[in-house]
Structures are given as C-alpha cells and as structure tokens.
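Next come the chains, spelled out residue by residue.
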Amino acid sequence: MRKKRIYERHGDTGTRLHRIWKGMKGRCNNPNWKPYERYGAVGIKVCPEWEHSYTTFKTWAMANGYSDELELDRIDNDGDYEPSNCRWVTHYEQTMNRCDTLYATYDGITITLKEFRERFGVNRNTCANWRHLGILEEKLLEVTGKKVVITGGKTSN
C-alpha cells in the first residue's frame, strides 16, 4: 500500500518565491535536472525543515530580507541549503560567490578579476585570451607595473 502524501495549502503556487523553493529542491533531488550534477550528485541537500515545508522556507525568506530583486545564495558553496548557510543577494553578488570566480591579488589587495579589469580598463576578451595562452599574470604585470597573482576559477577538465 502506497503512503499518502500530505500537501501544504499555502496559496503561493507559481509565485517567484515558490519557484525558487522548487528549483532549490530540484537541483538537489532530481537526477533528471541538468544542475543536479553540481548539487545533489555531489551531496548538497536541502535541510529537512525546508525540504518538507514551503511555508517554513517562506517564513525564513521573509524574515531574512527576501525581495523580488534578490536571489537565494549559499554562503559556503559546498554546504547545504539551510538557514545558517543561505542569504538573499543581488545577482552580481551571487555571481561573485561562484566556484569559478577568478580573483586578482596585487599591491596587497584581492578583488575579483572582473573588478580588476574594470579598474584597469582591460577588455574581457583580451583577458580571456591571455588566460588561454597562459600569460595572464605576465600581461597584467605590464598593465599595472606590479605583480598580479590570479587565484580561484575552475580546475582543468
């Protein structure tokens, strides 16, 4: 005999916040979703409180700054979706918290490579070509006159 599912009645089906909740669960639980390989397949889970209750997730979201302009972000990209590891951030802030973000350290400061390029007026495609050729740090030394160390980014496939 199959177990009967009990569904919450919340009236939010189809709202942006409900889609975020469903997407979070799908990335972690549905092997048929393409993002699953970067989430559920590597052990990232949704905490039980959120997994089983949209209302609990919504309560947390509203108490922690949710607005339609923000996106759900995991503070530690290796951690689970749970209240202590999630926050609401702008799209730009979320893109800076990705495992493939590159950082440039020079003159004792570390910033994203994007911020570095903007600060020094280096074209994105030029930077990508230099990186592909393995001469990025050498070329950035020419641009700044100072040693630049690049860290982060995806490891080679």
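Definitions and limits used
Residues numbered from 1 in each chain as written. Predicted model: local features only at pLDDT ≥ 70, side-chain atom pairs only at ≥ 80, totals over all residues. Heavy atoms only, no water. Phe/Tyr/Trp six-rings, centres within 6.5 Å; stacked < 30°, edge-to-face > 60°. Helix = DSSP H or I, 4+ residues; strand = E, 2+ residues; numbered from the N terminus. Buried < 20%, exposed > 50% of the residue type's maximum accessible area, 1.4 Å probe, protein only. Lys NZ or Arg CZ within 6 Å of the ring centre and 35° of its normal. Expected span 1.5 Å × (residues − 1). Contact = heavy atoms within 4.5 Å. Salt bridge = Lys/Arg side-chain N within 4 Å of Asp/Glu carboxyl O. Axes fitted to C-alpha atoms, helices over the stretch in contact; angles between N-to-C directions. Left-handed = near helix turned anticlockwise from the far one by under 90°. Arc of directions from axis to C-beta.

Colleague: Sorry if this is basic, but what is going on with the packing of aromatic side chains here?
Modeller: Aromatic rings considered in pairs are described by the distance between their centres and by the relative angle of their planes. One pass over the structure, following the stated rule, counts 11 aromatic pairs. Taken together, a centroid distance of 5.3 Å and an interplanar angle of 80° make the contact between Y106 and F116 edge-to-face. You can see Y106 sitting in strand β3 (residues 102-106) and its partner F116 sitting in helix α5 (residues 113-120), a full 10 residues away along the chain. The two residues Y106 and F116 agree in class, both being buried. One aromatic cluster in this structure is built from W50, F57, W60, Y66 and W88. We note R74 situated over the ring of Y81; from NZ or CZ to the ring centre the distance is 5.1 Å.

Colleague: Teacher, can you tell me more about helix α1 (residues 16-29) here?
Modeller: For an α-helix the count is 3.6 residues per turn, leaving residues at separations of three or four pointing the same way. Its 14 residues place the ends of α1 20 Å apart at the C-alpha level, agreeing with the 20 Å of an ideal helix rising 1.5 Å per residue. Taken together, the buried positions of α1 are L17, H18, I20, W21, G23, M24, K25, G26, R27 and C28. Each element contacted by the buried residues of α1 is listed here: α2 (48-51), α3 (54-63), β1 (71-74) and β2 (86-89).

Colleague: Explain the pattern of salt bridges to me, please; I cannot follow it from the model alone.
Modeller: As enumerated under the stated definition, the model contains 6 salt bridges in all. We note a salt bridge from D12 to K58, for which the minimum N-O separation is 2.8 Å. Within this pair, whereas D12 is found in the segment before α1, its partner K58 is found in helix α3, the two being separated by 46 residues in sequence. Its relative accessible area of 12% is what places D12 among the buried residues. A salt bridge links K146 to D107; its shortest N-O distance comes to 3.0 Å.

Colleague: Even after reading the chapter, I still don't get unusual backbone geometry, so can you show me in this structure?
Modeller: As a rule of thumb, non-glycine residues mostly have phi less than zero, and peptide bonds are mostly trans rather than cis. In this model, D107 sits at a positive phi of 50°, which is unusual for a non-glycine residue. When you line up the elements, D107 lands in the loop between β3 and β4 (109-112). Relative accessible area serves as the criterion here: at 54%, D107 is assigned to the exposed category.

Colleague: Got a minute to help me understand the packing of α1 against α3 in this structure?
Modeller: Direction vectors running N to C along α1 and α3 enclose 115°, while the axes themselves pass 10 Å from each other. Relative to α3, the crossing made by α1 is right-handed. In this structure, α1 contributes L17, H18, I20, W21 and M24 to the contact, and α3 contributes Y54, F57, K58, A61 and M62.

Colleague: Sorry, what's going on with α3 here?
Modeller: Along α3, the positions that sit buried rather than exposed are Y54, F57, W60 and A61. Relative to the axis of α3, the buried residues are bounded by an arc of 125° and lie together on one face. In α3, the exposed positions angled more than 90 degrees off the buried face are occupied by T59 and A63. On its buried face, α3 is in contact with α1, α2, β1 and β2. Just beyond α3, the residue with positive phi is G65, at close to 95°.

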